[in-house]
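# Structural overview for review
Below, each chain spelled out in residue letters.
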Amino acid sequence: MFVIILLVTVFVLWFLHLIWRDWELYRVAWKMPGPFMLPIIGNAYLTLGLTHEGILDYLKHFSRAYPSPMRFWLGPRLFVMIKKPEECQVVFNANECLSRDDIYDYIKPFTGDGLVTLPAAPWKDHRKFLNPCFSLKILQSYMPIFNREVKTLIDRLDLKVNSGSFDMYDYMDACSLDIVCQTTLGTQMNIQKNENMDYLDAANSLLAIMTTRIFNPLYHSDIIFKMSKWAKLEQKNSDITFGFVDDILKRKKAAFKKAPPVEEESSLDENTSFKSPQLFIDQLLKLSMEGNYFNDTDVKNEANTIVATGYESTALITSYCILMLAMHQDMQQKAYEEIKSIIPKTGDDVKYDDLGQLDYVERCLKETMRLFPTVPLVARKADAPFKLDKYTIPAGTHIVISVMEMQRNPEYWGPNAEKFNPDNFLPENFEKVHPYAYVPFSAGPRNCLGMKYAYMLLKVIMVHLVSNYRFTTDLKFEELRHRLDITLKLNQKHMVHVHRRI
């Protein structure tokens, strides 16, 4: 009996300590709209046991059931979800919200601790040093690689012509990974030639495991998670993805050491800025081996981050865009006619100067990203109190931006907000939309570093695909079902038929 009383007393004292420690969080949360919460687990009872499709459906219901900002507790963590562009603008630009949320710790087995996951202070330094890697001069130099690898994709798709329905994503992820490895890490991995394929399977498995961990507060404890069936599988897949990048880094580091020194870079001191354009991997190695700004762990983390985020977003956007054009033949024909007016001969390389003329293709891509943002939820953490709407948000609050709901909200996009319509991005239409109602690459100081790179690559891919093939599909837009695996995955897969254009 004494032991039971002691345990109950310890529990009560611990619970009171939590309330005292997080009193400001509770005070604000009580004023906000949100679902009924339970002690200790908060609102986690609403998502426990749900599939990843069910989690996404619940979050959609939740964000529509309460006015923004609204609150949701995952265990002892307070999440404030917002879906208004005015609130989004505040959060993305607030110095108090420059840090990524702690929840991003659970994606480190895939990305490492790079630009996506770093706290505000180290992120600023890393971003400053890596910005030159995405200068226009560097991006233009990638055009031959873009064209070459997409032509390899065309060779692979030739085998699928008139052969039935297939998942476009299976082809796009291999192509995207090949391109990202060559342009950022300077290494040809031949994924499209069935080499090094284990990375893709491991990556998709990691995304699913990380989502499971995020929405189960029990798994927020490292001790409990390590006892689960997911921990061993996560470690196995993380070893594969990190090993993939480590092999590349070893080769590049060996080549870097053998390279003759450049005279003007032979004397480095604390004033060295590394602002001249550099390939991503070369910049990382310079920062590590010549400037001592990055250690080996920094190099590995940033290399893993650029590969993981670069290939997945490109593969998803292009797969969704092709599926949308397959569902809307008139729009696909319009894109085809625009492409042929700019690049008349099918198979010719896309040149940098061509990209700016692809107005309709760009609108199709933007509309795809509006309806199907690669990452439908973005999270930040308040490092200090700040004002949001009528609330003073205390330090330690987790802020979630519901990107997908905001970008499908009829209040900003009209009554047909959930339909595919590239004309949403005609200048006369888009200028009426709040600038923060469309944030597929995030926004503010911590926006996506590779946004210009992405647009260039996406356009090159679409030009070659649409000029070579006509795509059809048996899927219906209104029947599409999604799941949250960190990124927005399609349950029915991106199933299309491909027909050679005559």
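Residues numbered from 1 in each chain as written. Predicted model: local features only at pLDDT ≥ 70, side-chain atom pairs only at ≥ 80, totals over all residues. Heavy atoms only, no water.

### Looking at the overall build of the chain
To be explicit about the condition: Runs of H or I in DSSP of at least four residues are treated as helices and runs of E of at least two as strands, each being numbered from the N terminus. Atoms considered for the radius of gyration are the C-alpha atoms alone. The globule rule reads 2.2 Å times the number of residues to the power 0.38. Each residue is assigned to one of three classes by its accessible area relative to the maximum for its type, calculated with a 1.4 Å probe on protein chains only: buried under 20%, partly exposed between the two thresholds, exposed over 50%. Here, residues are in contact when the closest pair of their heavy atoms is within 4.5 Å. The accessible surface values rely on the Shrake-Rupley method and a 1.4 Å probe; as for residues, cover is taken only from the protein chains in view. For the purpose of charge, His is not counted, nor are the chain termini; Lys and Arg are scored as positive and Asp and Glu as negative. Working definition for charges: the position is that of NZ of Lys, CZ of Arg, CG of Asp or CD of Glu.
Across its full length, the chain holds 21 helices and twelve strands. Compactness check: the chain gives a C-alpha radius of gyration of 24 Å against a globular reference of 23 Å for 502 residues, within 12% of the reference. With respect to the three principal axes, the spread of C-alpha positions in the chain is 85 × 60 × 45 Å. Looking at the chain as a whole, 57% of its 502 residues qualify as buried. For the chain, the proportion of contacts with a sequence separation of at least 24, taken over those separated by at least 6, is 75%. Accessible area of the chain: about 22300 Å², with a carbon and sulfur share of 56%. Considering the chain, the positive charge centre built from 59 side chains and the negative charge centre built from 60 side chains are found 2 Å apart.

### Let's talk about the nonpolar core
Heads up, the rule is: The set of buried Ala, Val, Leu, Ile, Met, Phe, Trp, Tyr and Cys residues whose side-chain atoms join them within 4.5 Å is what this entry labels a nonpolar core.
Counting 165 residues, the largest nonpolar core has Tyr199 and Leu465 as its most contacted members. The element that contributes the greatest number of residues to this core is helix H14 (residues 296-327), accounting for 17 residues. Ignoring sequence-local partners within four residues, the contact set of leucine 465 consists of Leu153, Ile154, Leu157, Met168, Met172, Ile322 and Phe471.

### A closer look at the packing of helix H10 (residues 198-214) against H14
Quick reminder of the rule: Only the stretch in contact is used when a helix axis is fitted, and all axes are lines through C-alpha atoms; the angle between N-to-C directions ranges over 0 to 180 degrees. Here the angle decides the label: under 35 degrees means roughly parallel, over 145 means roughly antiparallel, 65 to 115 means roughly perpendicular, and every other value means oblique. For this scheme, ten residues count as nonpolar: Ala, Val, Leu, Ile, Met, Phe, Trp, Tyr, Cys and Pro. Four count as charged, namely Asp, Glu, Lys and Arg, and the remainder, Gly too, count as polar.
Where H10 contacts H14, the two axes come as close as 12 Å, and the packing angle between them is 90 degrees. Comparing their axes, H14 and H10 come out roughly perpendicular. From H10, Tyr199, Leu200, Ala203, Asn204 and Leu207 reach across to H14, where they touch Val307, Ala308, Tyr311 and Glu312. Split by residue class, the contact of H10 with H14 holds seven nonpolar, one polar and one charged.

### Focus: the sheet that holds strand S9 (residues 469-472)
Basically, it comes down to this: Paired strands, in this sense, are two strands between which DSSP finds at least two bridges.
The strand order across the open sheet formed by three strands is S4-S12-S9, and the pairing between neighbours is antiparallel. The open sheet has two edge strands, strand S4 (166-167) and S9, and neither has a second partner. Bridge count for S9 against strand S12 (residues 495-500) is four bridges, and the pairing is antiparallel. Along S12, the bridge assignment pairs tyrosine 469 with arginine 500. Along the sheet, helix H8 (residues 143-158) contacts S4, S9 and S12; its crossing angle with S9, the most-contacted strand, is approximately 60 degrees. The strands touched by H14 are S9 and S12; relative to S12, the strand with the most contacts, the crossing angle is about 70 degrees.

### A short note on the side chain of serine 402
Among the secondary structure elements, serine 402 is positioned in strand S8 (residues 398-402). Judged by relative accessible area, which is 4%, serine 402 ranks as buried. In contact with serine 402, not counting residues within four places along its chain, are Ser63, Met81, Ile82, Lys83, Pro376 and Leu377.

### Overview of the pattern of salt bridges
Note the following rule: Salt bridges, as used here, are contacts in which a Lys or Arg side-chain nitrogen is within 4 Å of a carboxyl oxygen on Asp or Glu.
Scanning the model with the defined rule gives 17 salt bridges in all. Across the pair aspartate 105 and lysine 108 runs a salt bridge, and its minimum N-O distance is 3.1 Å. Here aspartate 105 falls in the partly exposed class, since its relative accessible area comes to 37%. What you see here is one network of salt bridges that share partners, running through Arg64, Glu405, Arg408 and Glu418.

### A few points about the packing of aromatic side chains
Where we set the bar: Two aromatic rings from Phe, Tyr or Trp, using only the six-membered ring of Trp, form a pair when their centres are within 6.5 Å; if the ring planes differ by under 30 degrees the pair is stacked, by over 60 it is edge-to-face, and anything between is tilted. For a Lys NZ or an Arg CZ to count as sitting over a ring, it must be within 6 Å of the ring centre and within 35 degrees of the ring normal.
Applying the stated criterion to the full structure yields 25 aromatic pairs. Three or more aromatic residues link up through ring pairs in this structure, and these residues are Phe134, Tyr142, Phe146, Phe280 and Tyr453. Note that lysine 128 overlies the ring of phenylalanine 129, its terminal NZ or CZ placed 5.1 Å from the centroid. Over the aromatic face of tryptophan 413 sits the side chain of arginine 370, whose NZ or CZ is 5.0 Å from the ring centroid.

### Let's talk about the confidence of the model for the chain
The cut-off we apply is this: Each residue carries a pLDDT score, the predictor's confidence in it, ranging from 0 to 100.
Per-residue confidence for the chain averages 88 on the pLDDT scale, and 91% of its residues sit at or above 70. Element-level pLDDT for the chain is lowest in helix H1 (residues 2-21), with a mean of 59, against a maximum mean of 98 in helix H17 (residues 359-371). Below pLDDT 50 for its whole length, residues 262-273 participates in ten contacts with residues either more than four positions away or in separate chains.

### Topic: the environment of aspartate 474
Inclusion rule: Residues adjacent in sequence count toward polar contacts only when both atoms are side-chain atoms; beyond that, a polar contact is any pair of N or O atoms within 3.5 Å, and within protein one must be able to donate a hydrogen and the other to accept it.
For aspartate 474, the position within the fold is in the loop between S9 and strand S10 (482-485). In this structure the side chain of aspartate 474 is engaged in a polar contact, spanning 3.0 Å, whose partner is the side chain of histidine 497.

### A closer look at the pairing of strand S5 (residues 377-381)
Two faces make up the sheet, and in a regular strand the side chains alternate between them. Most of S5 sits inside the fold, with five of its five residues counted as buried. Of the two faces of S5, the one carrying Leu377, Ala379 and Lys381 and the one carrying Val378 and Arg380 are both buried. Pairing geometry for strand S3 (residues 99-100) and S5, over two bridges, is antiparallel. Within S5, the residue paired with arginine 100 across the bridge is arginine 380. Where S5 and S8 come together, five bridges link them in antiparallel fashion.

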